[in-house]
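# Chain and residue survey
Each chain is listed here by its residues.
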Amino acid sequence: MSHASSHTGLIWKVFGFLSVVTIVEVFLGIVKPESLHLTHFLGTSLLNWIFLILTLVKAYGIAWYFMHLKDEKTWFRRAIVWPVVFLIGYLAFFVLYEGDAIGIIVRDWMRWS
């Protein structure tokens, strides 16, 4: 088996994985199951957390294969991935927390008494 054909198979496997994750995201976005959409966990619905996690999985998969992180040394991979994961978690927490706080303030202002 040649070098090019082995990469072609890998690209198709990664394409299939990313496609399945995207199809799950689109399906959940269209169907919006009430058990996930109306359940609140850490400031937002479980459905939003699922979207966030699946998006991070796709981003990691793209970086792992197409940016060739899998071929790098372990310490270098960690130096790239860990700060990004912590930064995204940090930003997601504050966006969700502050977004919920603004929603509470606006609800208090718009009482129909």
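Placed above this text is the structure.
The present account deals with the structure reproduced in this document.

The rules behind the values
- Residues numbered from 1 in each chain as written.
- Predicted model: local features only at pLDDT ≥ 70, side-chain atom pairs only at ≥ 80, totals over all residues.
- Heavy atoms only, no water.
- Helix = DSSP H or I, 4+ residues; strand = E, 2+ residues; numbered from the N terminus.
- Rg over C-alpha atoms; globule rule 2.2 N^0.38 Å.
- Phe/Tyr/Trp six-rings, centres within 6.5 Å; stacked < 30°, edge-to-face > 60°.
- Buried < 20%, exposed > 50% of the residue type's maximum accessible area, 1.4 Å probe, protein only.
- Contact = heavy atoms within 4.5 Å.
- 1 Å grid on protein atoms, 1.4 Å probe; cavity = no way out; pocket = protein on both sides within 12 Å on 5 of 7 lines; lining within 4 Å.
- Points joined across faces, edges and corners; volume = space filled by probe spheres on them.
- Polar contact = N/O pair within 3.5 Å; in protein donor to acceptor, adjacent residues only side chain to side chain.

### Focus: the overall build of the chain
- The number of helices and strands found in the chain is four helices and two strands.
- The helix and strand sequence of the chain, counted from the amino end, reads α-α-β-β-α-α.
- In terms of overall dimensions, the chain is more spread out than a globule: its C-alpha atoms have a radius of gyration of 19 Å, far above the 13 Å expected for 113 residues.
- C-alpha atoms of the chain, sized along the principal axes, occupy 75 × 35 × 15 Å.

### Focus on the packing of aromatic side chains
- A complete count under the given rule lists two aromatic pairs for this structure.
- Judged by centre distance (5.5 Å) and plane angle (90°), the rings of W12 and F15 are edge-to-face. In this pair, W12 and F15 both sit in helix α1 (residues 3–31), three residues apart, roughly one turn of the helix.
- Overall, W12 belongs to the exposed group, its relative accessible area being 58%.
- Ring centres of W75 and F76 lie 5.8 Å apart, and the angle between their planes is 75°; on these two criteria the pair is classed as edge-to-face.
- Take W75: its relative accessible area is 60%, and that puts it in the exposed class.
- You can call F76 partly exposed: its relative accessible area is 32%.

### Details of the side chain of K58
- Within the secondary structure layout, K58 lies in helix α3 (residues 46–66).
- For K58, the contacting residues outside a window of four places in its chain are L18, V21, T22 and E25.

### Brief notes about the layout of surface pockets
- By volume, the largest pocket is sized at about 220 Å³.
- If you go around the largest pocket, the residues you meet are L56, A59, Y60, A63, M67, L69, I80, V81, V84, V85 and I88.
- Residue assignment for the lining of the largest pocket shows that the elements contributing at least two residues are α3 and α4 (74–109).
- Among the elements that line the lining of the largest pocket, the one with the most residues is α4, at five residues.

### Structural notes on the side chain of E25
- Of note, E25 is situated in helix α1.
- A distance of 3.2 Å separates polar atoms of two side chains, one belonging to E25 and the other to T55.
- Not counting residues up to four positions away in its chain, the partners in contact with E25 are F51, L54, T55 and K58.

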